[in-house]
Each structure stands twice: as structure tokens, then as C-alpha cells.
Amino acid sequence: MIRDIIVNLEHQIARDPARDFAISVAETFDAHVAGVAFAYAPDFPAYAMMEIPADIVAQMNAESEKAALAAIDRFDAAAKRSLVSSEHRLLKTIGAGAPAMLSDLARRFDLGVFMQSDPDGVDNDDMIETSLFESGRPLMVAPYIHKDGLQLDHAVCCWDGSRAAARSINDALPLLVKAATVDLLIVQNEKTSNDNKEIRGTEMAKHLARHDVKVEVEVIPAADIDVASTILSYAADNFATLVVMGGYGHSKLREIILGSVTRDMLQSMTVPVFMSH
């Protein structure tokens with residue numbers, strides 16, 4: 001079950017899709033939700049800091065903290081309206097330190113919620129990728145254009161027989177059990193075109209059915225390079241309200257490298273996406 005949720009709060013967005021989405025998930029599961037806002041200190045090289053007047057640095061710190069506190073006030077008001085159990089946390093850090101701090105904190109929660117990066121504004125790629133690979137917990141990403149809360153009319157689970165896909169589907173079971181319909185979607189290409197029943201979805205569908213998930217197996221062809229667009233087209237054509245998929249990639253030193261399908265999904269998603277790694 002989902003008992004507690006952590007959400008990254010946005011500074012400049014009065015209608016924060018991640019905040020509202022996280023609260024709707026909390027409503028669905030009668031769960032606790034924690035809103036986290038970061039107050040950022042300027043991240044300048046040491047030699048540059050020596051040239052910047054102290055009052056300018058203090059003003060930048062104060063403005064960031066003010067924006068974070070405003071985001072917390074909006075979160076508290078929204079949580080109060082929804083009557084969900086909630087808390088907030090104000091964390092102070094330089095910009096580069098926030099993803100690791102939130103990832104570490106997310107290990108104590110069942111689910112993390114983030115807003116998709118907005119090409120014209122907020123860049124959450126580091127936040128999402130670090131949490132995906134380092135928190136050990138699943139996460140949900142709400143599109144920056146998302147206006148609705150959690151809807152479980154039609155979930156699409158992407159299945160290729162991999163460890164990441166198995167982990168994500170298992171972690172998403174609380175959602176899938178509540179979904180009206182669930183498609184186990186197999187994008188057929190060189191990686192999945194074989195006679196292995198596990199890849200074809202037969203055994204995974206049986207497993208989900210044992211959990212009382214109303215599941216249908218769907219197989220559609222696509223080239224390797226078109227997997228993400230095929231998933232998104234299928235989701236749109238079938239009025240999906242949630243996509244479940246494994247988060248593919250790896251972390252090397254301080255650089256996060258995403259698999260192409262995961263990266264393309266995060267860039268082009270139009271419905272909320274649930275991911276585990």
C-alpha cells in the first residue's frame with residue numbers, strides 16, 4: 001500500500017501539477033504527504049564569490065527562501081482543503097545539492113512525485129533522474145501541462161520481460177488493483193520478438209490477475225528507435241490515464257545516463273508516468 005508520499009514543490013508555479021497530483025494520490029490511498037521546498041544559495045565558483053558583495057548574496061538567499069516559503073504556504077493550503085494528512089519541509093542547499101538531498105529523504109517514503117521538466121521554465125531532470133536511480137523508491141512524474149489529479153480509468157503497463165519492468169509493475173500494484181482497466185503493453189521488436197511466454201506477457205498477465213488486476217495483453221510492432229513514441233501514441237489512442245514503465249539507465253560517478261526510451265518518455269509524456277529502477 002501507499003502510506004506516505006513525498007513531493008518536490010515548485011517555486012514559481014501557482015498551479016503546481018506535482019503538488020496537486022501528489023495530494024490526489026494521498027486522497028486515493030488515505031496517505032500522508034510531505035511537501036519539500038528548497039531554498040537555494042547561489043552556486044558560484046569560489047573566485048567569483050569573492051567579487052560579489054555580501055549584501056547581494058544575502059539578498060539572493062532571501063529571495064529564494066521567500067519563494068520556497070510561498071510554495072510551502074500553497075501546499076499547506078491545498079492539503080488543508082483536501083483534508084489529507086500532511087507536513088512540509090524547508091531545505092537549504094546550493095542548487096547542485098538538492099537532488100541528492102531529496103533522493104536521500106525519499107527513501108523514507110513509499111512514493112516520490114515530481115513535475116516533468118518544462119522546456120520554457122523549470123528543469124527537473126536532475127531531480128527526477130537522481131531519485132529514480134538513488135532513492136530505491138518508485139516515483140511518479142506529472143506532465144507540466146497536467147490539470148487533473150490521479151485517475152485510474154485506464155493504466156498501461158509497459159512490459160519487455162526486464163528486471164526494471166518487473167520492478168515497476170510490482171511497485172505499481174496498489175494503483176493497478178484500483179484501476180478500472182489495465183493493458184500489459186508489449187512493443188514488439190528485435191528485443192521482444194521471440195517465443196518466450198514471459199516476454200509475450202502470458203505469465204505476467206496471470207501474475208497480475210492473481211492480484212485481482214483486470215488485465216489485457218496488447219502487442220504492437222515498432223522499431224527500437226520508436227518505442228517511446230509508440231507507447232505515447234498507444235496511450236493517447238486508448239485514453240490512458242497512467243503509464244507504468246521501468247526506468248532504464250545507470251549512474252556513473254556524478255553523471256546520470258538515462259536509457260533512450262526513459263529519456264524520450266520524460267521529455268514527451270502527456271499522461272502521468274510511474275517508474276521504478
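For the structure itself, look to the data block above.
Thresholds applied
Residues numbered from 1 in each chain as written. Predicted model: local features only at pLDDT ≥ 70, side-chain atom pairs only at ≥ 80, totals over all residues. Heavy atoms only, no water. Buried < 20%, exposed > 50% of the residue type's maximum accessible area, 1.4 Å probe, protein only. Helix = DSSP H or I, 4+ residues; strand = E, 2+ residues; numbered from the N terminus. Arc of directions from axis to C-beta. Axes fitted to C-alpha atoms, helices over the stretch in contact; angles between N-to-C directions. Parallel < 35°, antiparallel > 145°, perpendicular 65-115°, else oblique. Left-handed = near helix turned anticlockwise from the far one by under 90°. Contact = heavy atoms within 4.5 Å. Nonpolar A, V, L, I, M, F, W, Y, C, P; charged D, E, K, R; others polar. Pairing = 2+ DSSP bridges.

Novice: Pulling in residues and values, what's your account of helix 9 (residues 202-210)?
Specialist: What helix 9 keeps buried is the set M204, A205 and L208. End-on view of helix 9: buried residues confined to an arc of 100°, all on one side of the axis. One or two steps after helix 9, the chain reaches D212, where phi turns positive at roughly 65°.

Novice: So what about the packing of helix 4 (residues 98-106) against helix 5 (residues 125-134)? Which residues, and what values?
Specialist: Between helix 4 and helix 5, the least distance of the axes is 9 Å, while the angle of their chain directions is 40°. By the angle between their axes, helix 4 is oblique relative to helix 5. Remark: the crossing between helix 4 and helix 5 carries right-handed chirality. For the pair formed by helix 4 and helix 5, the contact residues are A98, P99, A100, L102, S103 and A106 on the first element and D126, M127, T130, S131 and E134 on the second. Residues that form the contact of helix 4 with helix 5 fall into these classes: 6 nonpolar, 3 polar and 2 charged.

Novice: Outline the environment of A78, listing residues and values.
Specialist: Tracing the sequence through the fold places A78 in helix 3 (residues 54-82). Here A78 falls in the buried class, since its relative accessible area comes to 5%.

Novice: Can you tell me about the pairing of strand 9 (residues 242-246), naming the residues and giving the values?
Specialist: In terms of residue burial, strand 9 counts as a mostly covered element, since 5 of its 5 residues are buried. Burial along strand 9 is two-sided: L242, V244 and G246 and V243 and M245, pointing in opposite directions, are all buried. Of the pairings in the sheet, the one linking strand 6 (residues 154-158) to strand 9 comprises 3 bridges and is parallel in character. In the strand pairing of strand 9, A155 is matched with L242. Summarising the sheet, strand 9 and strand 12 (residues 273-276) pair through 4 bridges and their orientation is parallel.

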